[in-house]
Structures are given as structure tokens and as C-alpha cells.
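Take a look at the letters that make up each chain.
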Amino acid sequence: MTRMTVNGQPVHYRMDPRTPLLWALRDASNLTGTKYACGVGVCGACTVNLDGRAVRSCQLSIADAEGSFITTIEALSRGRDHPIQQAWIENMVPQCGYCQSGVIMAAAALIDGNANPSDEEIDEAITNICRCGTYPRMREAIRLAARVSRGEERLASAPPPGIDPEDAAANVEALTPPEDGEGDEPGRIVSE
Ligand code: FES
Ligand code: FES
């Protein structure tokens, strides 16, 4: 059994400890905002935040992540109002969108640790692959988000997407405590 905290909730995975964190998040926790693409640590589509760092969850086993605090795109903010999310909307960054949750998680970790990143630091931190080529809009949005985090600019919060923002992280099925008697099958998450 492997224990960690996912989006603020203590969970344990009844899965082979070698299972990639990506599969535990997607298949057991139903947190499908984190994407699978290359599976070999190159593209960054699977990026999540682990103890404050952006990591590629396809390259990390759940055993490696034991005891960590994981945040996925579903819980980056309660109201879609992290400066990166606001800047992403303002700059209309996504095209197809597939790579975007990974890029957003990498960009958020960058801004959270460095509110004034240079262009070189942005290029160093964001090595994600975007097949749609949205790189110029990503970089522009990161610079905007940095200005927002420094208090030099303000943006309206992200508009509601048509659902209660709390639904994104609080009420996903796998993070809802199971009824008595459930939770023994492999891969089941049990909130504690
Ligand atoms: S799917 Fe993990 S880096 Fe590409
Ligand atoms: S927006 Fe399509 S792959 Fe990046």
C-alpha cells in the first residue's frame, strides 16, 4: 500500500508500487486532467506538482512518490484564478489543449518559486512539447502571470466554466471517501 497526499486529501493506492504515478492519478484517482502522451519523460504532458516541484508523472513510480504532496491541474486553484490560469485565458494560449495542463503545471511551479523569471529561466523550466506550436503565447502568458504575481498588473478571475469550481477537485469520484465495505479491490483509493 502506498500513501501520499493528492490534492489535499490523504490517499493510499492498493497497486503495484512500481506503477507510474501517472496511471495511479488517472486510472485510480480519476484525475484525467493529467495527460499521457510520450510516456518516456520527454513531452511534459503528464506534469504534476510534487512537493513544490514540477515532475513528469510518467517517470515516477508511486513508491518514489510515497509520502509526497501531489497537486494536479484539477486542484491548482479553487476558482481557476492562479495567475497562470488567468494569464492563459487572457492570452488564449491553448489550441487543441492536449499539452496544456502539463505546461500550466510547469509554469505555475516556475512562477510560484520565482515571480520574476527571465526569458532564459522560462525556456529552461518549460521544456514541454506542444504539437500545435503555442510556444509564443505560452511565454507571453508566463510573463503576464509573473507581472500579476508581483502585483504589477491585475486580471479578472477566470470565468466560471459552467460548473461549481469546487467540483473540479473536491468531488471527483475517486477522492470521495468510499462507503463502508468498499475499498478492498486493487487500485482503490481510500481517503483517510
Ligand atoms: S507522457 Fe510523461 S513526459 Fe510525456
Ligand atoms: S495546444 Fe495542442 S499540443 Fe499544445
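What you see is a predicted model; the values in this text were computed from it and never measured.

1. Remarks on the overall build of the chain
At step 1: Of regular secondary structure, the chain possesses five helices and five strands.
At step 2: Taken from N to C terminus, the helices and strands of the chain fall in the order β-β-α-β-β-β-α-α-α-α.
At step 3: Counting only residues that meet the buried cut, the chain has 42% of its 192 residues in that class.

2. Some remarks on the sheet that holds strand 1 (residues 2-6)
At step 1: The mixed open sheet is built from five strands, whose spatial order is 2-1-5-3-4. Strand pairing shows two members of the sheet lacking a second neighbour, strand 2 (9-13) and strand 4 (53-56), which therefore form its edges. Within this sheet the neighbouring strands show an average axis-to-axis angle of 40°, counted without direction.
At step 2: Where strand 3 (residues 47-50) lies against strand 5 (residues 69-71), two bridges are found, and the strand directions are antiparallel. Of the residues in strand 5, the one forming a bridge with Leu50 is Ile70.
At step 3: The sheet strands contacting helix 3 (residues 100-113) are strand 3 and strand 4, and the helix crosses strand 3 at an angle near 35°.

3. Points about helix 1 (residues 21-28)
At step 1: Across the eight residues that make up helix 1, a large majority, seven, are buried.
At step 2: Inspection of helix 1 places Leu21, Leu22, Trp23, Ala24, Leu25, Arg26 and Ala28 among the buried residues, and these make up the whole buried set.
At step 3: The inward-facing, buried residues of helix 1 contact strand 2 and strand 3.
At step 4: Asn30 sits one or two positions beyond helix 1 and adopts a positive phi of about 65°.

4. A look at helix 5 (residues 135-149)
Residues separated by three or four positions in an α-helix point in the same direction, a consequence of the helix having 3.6 residues per turn.
At step 1: Taking 1.5 Å of rise per residue, the 15 residues of helix 5 would be expected to cover 21 Å, and the 21 Å separating its terminal C-alpha atoms lies within 8% of that figure.
At step 2: When helix 5 is considered as a whole, its buried residues turn out to be Met138, Ala141, Ile142, Leu144, Ala145, Ala146 and Val148.
At step 3: Residue Gly151 follows helix 5 closely and has a positive phi angle near 80°.

5. Section: the environment of Thr134
At step 1: Tracing the sequence through the fold places Thr134 in the loop between helix 4 (119-125) and helix 5.
At step 2: For the pair formed by Thr134 and Gly97, sequence separation is 37 residues and the distance between their alpha carbons is 9.7 Å.
At step 3: Those residues in contact with Thr134 that sit more than four places away from it in its chain are Val93, Pro94 and Gln95.

6. Description of the packing of helix 3 against helix 5
At step 1: Close contact between helix 3 and helix 5 brings their axes to 10 Å; oriented N to C, the two are set at 35°. For the crossing formed where helix 3 meets helix 5, the hand is right-handed. For the pair helix 3 and helix 5, the contacting residues are Val103, Ala107 and Ile111 in the first and Met138, Ile142, Ala145, Ala146 and Ser149 in the second.

7. Topic: the packing of helix 2 (residues 83-90) against helix 3
At step 1: Running from N to C, helix 2 and helix 3 point in directions that differ by 125°, and their axes come no closer than 9 Å. Regarding the angle of helix 2 to helix 3, the classification is oblique. Where helix 2 crosses over helix 3, the two elements pack in a sense that is right-handed. In this structure, helix 2 contributes Pro83, Ile84, Gln85 and Trp88 to the contact, and helix 3 contributes Ile104, Ala107, Ala108 and Ile111.
At step 2: Per-class residue counts for the contact of helix 2 with helix 3 are seven nonpolar, one polar and no charged.

8. Let's talk about the confidence of the model for the chain
At step 1: In the predicted model, the chain carries a mean pLDDT of 87, and 81% of its residues have values of at least 70.
At step 2: Counting interchain partners and residues more than four positions distant, the pLDDT-below-50 stretch residues 168-173 has ten contacts.
At step 3: Residue range residues 183-192 is modelled with pLDDT below 50. Its contacts to residues more than four positions away, or to other chains, number 25 contacts.

How each quantity is defined
- Residues numbered from 1 in each chain as written.
- Chains lettered and ligands numbered in written order.
- Predicted model: local features only at pLDDT ≥ 70, side-chain atom pairs only at ≥ 80, totals over all residues.
- Helix = DSSP H or I, 4+ residues; strand = E, 2+ residues; numbered from the N terminus.
- Buried ≥ 20, exposed ≤ 12 C-beta atoms within 10 Å, placed from the backbone.
- Pairing = 2+ DSSP bridges.
- Axes fitted to C-alpha atoms, helices over the stretch in contact; angles between N-to-C directions.
- Contact = placed C-beta atoms within 7 Å.
- Expected span 1.5 Å × (residues − 1).
- Left-handed = near helix turned anticlockwise from the far one by under 90°.
- Parallel < 35°, antiparallel > 145°, perpendicular 65-115°, else oblique.
- Nonpolar A, V, L, I, M, F, W, Y, C, P; charged D, E, K, R; others polar.
- pLDDT = per-residue confidence, 0-100.

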